[in-house]
Amino acid sequence: MEKLLAGRKILVTGSNRGIGLEVSRLLNKNGAQIIGISRSMPVEKNKDIFIDHYECDFSNLDALNKSIKVIIKKHHSLNGLISNAGFGRFGALENFSIQQIEENINVNLTSHMVIASLLVPLFKKKRSGDIIFMGSESSIIGAKNGSLYSAAKFGLRGLAQALREDCANRSVRVSIVNPGFVRTEFFKSLDFEPAEDKESALDPKDVSRVILNILTSGSGGIIEEVLLAPQRKNILFKRNQKN
C-alpha cells in the first residue's frame, strides 16, 4: 500500500491522548515519522507510534522553548507541525484568577506562537513544510462561559491567517482546523460534555482524517481552514451551573 506521507517528519503537540494521539497514529500509519511532545508521556502501548517523544508543561514557556530547540537540533529534517496542545477552562470571566488567565493564554495561544516561531525559519529555509493549528468552533463564535477559551482560540485563528500570508512566498503552508465537540478526555475536568448519542460529538478519527487530507493535498494549493461540527449539539451538564 502506498505510504502517502513517506519522507515526512512531523512534530505533533498534545500527542499523548485524544486528538493528538489519533492524529499521530494515522500519520504514522501513512508513512510519516512522528515526534511527539505533551504534558505527559504516552502509555506504553502507544510508544511505537513515535520515533521520539518529549514531556513538557506547555504553560512554562521557557521550558517549552528549550524543548523545541532540542527537538529541532536532533530532528533538523522536520517538515511538519500539528500544533494541537490545549485544554478547556470555562466559566464567568470574573471568577478566574490572574494565574488561571495567564495559564490559559500560555497553553492555548502563546505556546503555539513559541513553537511556530522556532519552526518557521527551518521550514522557510527548506522552502517546504506544513503547519496545522488545532482551533475550535470557539475560534469562530463566542459562547456563554467561554470568554477565556474563545479569547485564546480567536487569537490562534488570527495567528494562522497572518502566518499563512507571511509564509506563502516560501512554500510553507499554514492551516487551521476548527472542530466542534470531539469525544475525548477534554471534558473530564469540565462541568459538561456532549450527549451520549453518536451525532452529538465527533470522533477523534474524524479530525485526524481532515489533518491527513490537508497534508496530502496538492502542493500548488492549500486548505486554509476547515470547520468540522457534529450533526447535533446536545450537551449534558454534570451538575447544576450557577452561571
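For the structure, check the block above.
Calculation rules
Residues numbered from 1 in each chain as written. Predicted model: local features only at pLDDT ≥ 70, side-chain atom pairs only at ≥ 80, totals over all residues. Heavy atoms only, no water. Buried < 20%, exposed > 50% of the residue type's maximum accessible area, 1.4 Å probe, protein only. Helix = DSSP H or I, 4+ residues; strand = E, 2+ residues; numbered from the N terminus. Pairing = 2+ DSSP bridges. Right-handed = clockwise from strand over helix to strand, strands pointing away. Phe/Tyr/Trp six-rings, centres within 6.5 Å; stacked < 30°, edge-to-face > 60°. Core = buried A, V, L, I, M, F, W, Y, C linked by side-chain atoms within 4.5 Å. Contact = heavy atoms within 4.5 Å. Salt bridge = Lys/Arg side-chain N within 4 Å of Asp/Glu carboxyl O. Axes fitted to C-alpha atoms, helices over the stretch in contact; angles between N-to-C directions. Parallel < 35°, antiparallel > 145°, perpendicular 65-115°, else oblique. Left-handed = near helix turned anticlockwise from the far one by under 90°. Nonpolar A, V, L, I, M, F, W, Y, C, P; charged D, E, K, R; others polar.

What is the right way to read the pairing of strand E5 (residues 129–134) from this model?
With 6 of 6 residues buried, E5 is to be regarded as a mostly interior element. Here E5 shows no split at all, with Gly129, Ile131 and Phe133 on one side and Asp130, Ile132 and Met134 on the other all buried. As judged from the 4 bridges shared by strand E4 (residues 80–83) and E5, these two strands associate in the parallel manner. Each residue of the ladder has a partner; that of Leu81, found in E5, is Ile131. In this fold, the crossover linking E4 to E5 by way of helix H3 (residues 98–126) has right-handed handedness. In this sheet, strand E6 (residues 172–179) lies alongside E5 in parallel orientation, the contact comprising 6 bridges. Each bridged residue has a counterpart across the sheet, and for Ile132 the counterpart in E6 is Ser175. In this fold, E5 hands off to helix H4 (residues 147–167), which returns the chain to E6; that crossover is right-handed.

Can you help me understand the packing of aromatic side chains in this one?
The way to describe two aromatic rings as a pair is by their centre distance and the angle between their planes. For the structure on display, the rule yields 1 aromatic pair. The interplanar angle of 50° and the centroid separation of 5.1 Å between the aromatic rings of Phe90 and Tyr149 together place this pair among those described as tilted. Residue Phe90 is located in the loop between E4 and H3, and its partner Tyr149 is located in helix H4; the two are separated by 59 residues in the primary sequence. A relative accessible area of 7% places Tyr149 in the buried class.

Would you mind going over the nonpolar core with me for this structure?
Here is a general trend for soluble globular proteins: nonpolar side chains tend to be buried in one another's company. By size, the foremost hydrophobic cluster in this structure holds 34 residues, and its most contacted members are Leu11, Ile37, Ile68, Leu119 and Phe133. For this core, the elements supplying multiple residues, two or more each, are strand E2 (33–38), helix H2 (61–74), H3, E5, H4 and E6. Element by element, the count of residues in this core is highest for H3, at 10 residues. Look past the residues within four positions of Ile68 in its chain and what remains in contact with it is Leu11, Ile37, Ile115 and Leu118. In terms of nonpolar packing, the next biggest core, distinct from the first, is built from 26 residues, Leu5, Ile19, Ile214 and Leu215 among them.

I tried to follow the pairing of strand E8 (residues 225–228) on my own but got confused; where do I start?
Each regular strand shows side chains that alternate between the opposite faces of the sheet. The alternating pattern of E8 places Val226 and Leu228 on a buried face and Glu225 and Leu227 on a face that is not buried. With 4 bridges connecting them, E6 and E8 associate as parallel partners. By the bridge assignment, Ile176 is partnered in E8 with Glu225.

I keep staring at the pattern of salt bridges and nothing clicks. Help me out?
For side chains bearing opposite charge, pairing can occur when the charged atoms are close. Enumeration over the complete set of coordinates arrives at 11 salt bridges. Here Arg232 and Glu199 are joined by a salt bridge, their closest N and O atoms 3.8 Å apart. Pair noted here: Arg232 is in the loop between E8 and strand E9 (235–237) and Glu199 is in the loop between strand E7 (192–194) and helix H5 (204–216), with a separation of 33 residues, a long-range link. Residue Glu199 is classed as partly exposed on the basis of its relative accessible area, which comes to 38%. One network of salt bridges, with partners in common, ties together Arg8, Asp130 and Arg173.

Where do I start with the packing of H3 against H4 in this structure?
In a pair of packed helices, the angle between the axes and the distance between the axes together describe the arrangement. As a packed pair, H3 and H4 sit with axes 9 Å apart at the nearest point and diverge in direction by 15°. Between H3 and H4, the crossing angle belongs to the class labelled roughly parallel. Between H3 and H4 lies a crossing of right-handed hand. The segment H3 lies against H4, with Gln100, Ile101, Asn104, Ile105, Asn108, Leu109, His112, Met113, Ala116, Val120 and Lys124 engaging Leu148, Tyr149, Ala152, Gly155, Leu156, Leu159, Leu163, Asp166 and Cys167. Here the residues of the contact of H3 with H4 are counted per class, giving 13 nonpolar, 5 polar and 2 charged.

By themselves, these figures tell us nothing about what the structure is for.
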